[in-house]
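# Chains, contacts and geometry: an overview
Residues per chain, in single letters:
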There are 2 protein chains.
Amino acid sequence: MRKKTRLILALDVTERAPALEVAEQVAPVVDAIKVNYPIILGCGIGIVKELASYSDIICDLKVADVPNTNRLIVQHAVSAGAKGVICQGFVGRDSLEACVDAGRRIDVFVVAEMSHPGSNIFINPHAEDIARMAMNVGAAGIIAPGTRPERIRALRKVVGKALILAPGIGAQGGKASAAIKAGANYVIVGRSIYQAEDPRAAAEVIVREITGD
Amino acid sequence: MRKKTRLILALDVTERAPALEVAEQVAPVVDAIKVNYPIILGCGIGIVKELASYSDIICDLKVADVPNTNRLIVQHAVSAGAKGVICQGFVGRDSLEACVDAGRRIDVFVVAEMSHPGSNIFINPHAEDIARMAMNVGAAGIIAPGTRPERIRALRKVVGKALILAPGIGAQGGKASAAIKAGANYVIVGRSIYQAEDPRAAAEVIVREITGD
């Protein structure tokens, strides 16, 4: 990714036509577009290839299986033209190594900490351990909550110069500039952009907020 | 599921034609067929509907995202005609509730413990907690390692009369009868069946091993 605007669109729409429409409008002002399983299951993995004609695509698959299955899942994302894939680290080192190995031509990002309440039960208490493991297996970076800049700051100390992507910005309450200032390389924004009357203008507002223009 | 043979086929092949061929051969002697993401990504979710003409299908999606995304993923499995879906409990109670809510017409199974080495780092130490949470949110059952009958026995105490599905039987070292004796309702077997010269005969051997005939 080119680190141009530091903004990634979470394209959490589930239908093909609006997805392509928003992607075309917003692509010029974002560094990447993130898609997840609902649209892939609805449209087929081919939607990744279609969207890749507008922007770099990150497949947010929260890959969370045994090593061999993880490897096959990540291979599908690579074949579909994704530039990045998001995996769960809690399934352990061997599962994650399989993702990094299958995704060595793209960026593998590991979920270190999440922001929904349930993530406080099992995942978040292990955030530093998961981030450290992600670095040990050669992941490109981690996912850390954009709603908690202090946690981005803490996880930055663990991952050094690796990438930090911060979702939860906008509708979920996080502030883009605060996440970037705390050490995130990219913020991930969904509804505030794709639900806006003018998605591109909404994205531009966030970019200006990030850059302080 | 009908609890007829107590055997579930893990159909971990990735191509449509051999998947349908094995399913047709083996369906008469298994209670369900489990499929995972590699074949769904390769063939589209429609493969679930095709396979469902032979057998009850469990979608092993290791669902591991935030509540709303989990809900949409499970809805896809339901729409495709699956009778069960496998979710990760590690992402927390709200994420799991979303799965159970979206899957209330089918069986939601929660991964309590896994058998690959990496699962010992974060997941397995929480197995009892995850199993308890699965019961609290109304899941149909849990996944527990067929390679470790003593762990099935321990988790049976947590889940009462709920279902326990035990993978890792056969090529991975677990013995079907030992897992059933320890309290599993179903064993899940993959390679020993679908890689056999005669998959149906291989499945029948396991059924006889289970029933002691």
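Structure first, text after, so check above.
Residues numbered from 1 in each chain as written. Chains lettered and ligands numbered in written order. Predicted model: local features only at pLDDT ≥ 70, side-chain atom pairs only at ≥ 80, totals over all residues. Heavy atoms only, no water.

### Things to note about the sheet that holds strand 5 (residues 107-111) of chain A
All names here are of chain A. Put simply, the test is: If DSSP finds at least two bridges between two strands, the strands pair. The way it works is that DSSP assigns letters per residue, a run of H or I at least four long becomes a helix, a run of E at least two long becomes a strand, and they are numbered from the N terminus. The axes used here are C-alpha line fits, helices contributing only the stretch in contact, and every angle between their N-to-C directions lies in the interval 0 to 180 degrees. In what follows, residue pairs with any heavy atoms lying within 4.5 Å of each other are defined as contacts.
On the basis of which strands lie adjacent, the closed barrel formed by eight strands has the order 1-2-3-4-5-6-7-8 and parallel pairing. For this sheet, the mean inter-axis angle between neighbouring strands, taken without regard to orientation, is 25°. Pairing of strand 3 (residues 57-63) with strand 4 (residues 84-88), which is carried by four bridges, proceeds in the parallel orientation. Looking at the pairing, Asp 60 lines up with Ile 86 of strand 4. This element, helix 6 (residues 127-136), spans strand 5 and strand 6 (141-143) of the sheet and lies at about 150° to strand 6.

### Comments concerning the interface of chain A and chain B
Let me state the cut-off plainly: Buried area is a sum: the accessible area each of two parts loses on coming together, probed at 1.4 Å, counted once for each and added. Salt bridge criterion: a side-chain nitrogen from Lys or Arg within 4 Å of a carboxyl oxygen from Asp or Glu. Nitrogen and oxygen atoms within 3.5 Å of one another constitute a polar contact, given that in protein one can donate a hydrogen and the other can accept it, and given that sequence-neighbouring residues count only through two side-chain atoms.
Taken together, the 38 residues of chain A in the interface contact 38 residues of chain B. The junction of chain A with chain B conceals about 3,000 Å² of combined surface from both sides, 72% of it contributed by carbon and sulfur atoms. Where chain A touches chain B, the interface holds two salt bridges. A salt bridge links B:Asp65 to A:Lys62; the nearest nitrogen and oxygen atoms lie 3.2 Å apart. Across the contact surface, chain A and chain B share 13 residue pairs in polar contact (both at pLDDT 80 or more).

### Notes on helix 4 (residues 67-79) of chain B
In plain terms, the rule: Multiplying 1.5 Å by the helix residue count minus one yields the expected span of that helix.
Given a rise of 1.5 Å per residue, 13 residues ought to cover 18 Å, and the 18 Å separating the end C-alpha atoms of helix 4 of chain B matches this to within 8%. Turning to helix 4 of chain B, the residues buried within the fold contact strand 2 (32-36) and helix 2 (37-43) of chain A together with helix 2 (37-43), strand 3 (57-63), strand 4 (84-88) and helix 5 (93-102) of chain B.

### A look at the packing of helix 1 (residues 16-26) of chain B against helix 10 (residues 199-211) of chain B
Residue and element names in this part refer to chain B. Our working rule: Between 65 and 115 degrees an angle is taken as roughly perpendicular, under 35 as roughly parallel, over 145 as roughly antiparallel, and anywhere else as oblique. Helix crossings are classified by the rotation of the near helix relative to the far one: an anticlockwise turn of less than a right angle makes the crossing left-handed, while a clockwise turn makes it right-handed. Residue classes follow a fixed rule: Ala, Val, Leu, Ile, Met, Phe, Trp, Tyr, Cys and Pro count as nonpolar, while Asp, Glu, Lys and Arg count as charged, and any other residue, Gly among them, counts as polar.
Closest axis-to-axis distance for the helix 1/helix 10 pair is 8 Å, and the angle between their directions is 45°. Between helix 1 and helix 10, the angle falls in the class oblique. Classified by chirality, the crossing of helix 10 by helix 1 is right-handed. The residues of helix 10 that touch helix 1, namely those facing Val 22, Gln 25 and Val 26, are Pro 199, Arg 200 and Ala 203. In the contact of helix 1 with helix 10, the residues fall into four nonpolar, one polar and one charged.

Bear in mind that shape data such as this cannot, by itself, settle questions of function.
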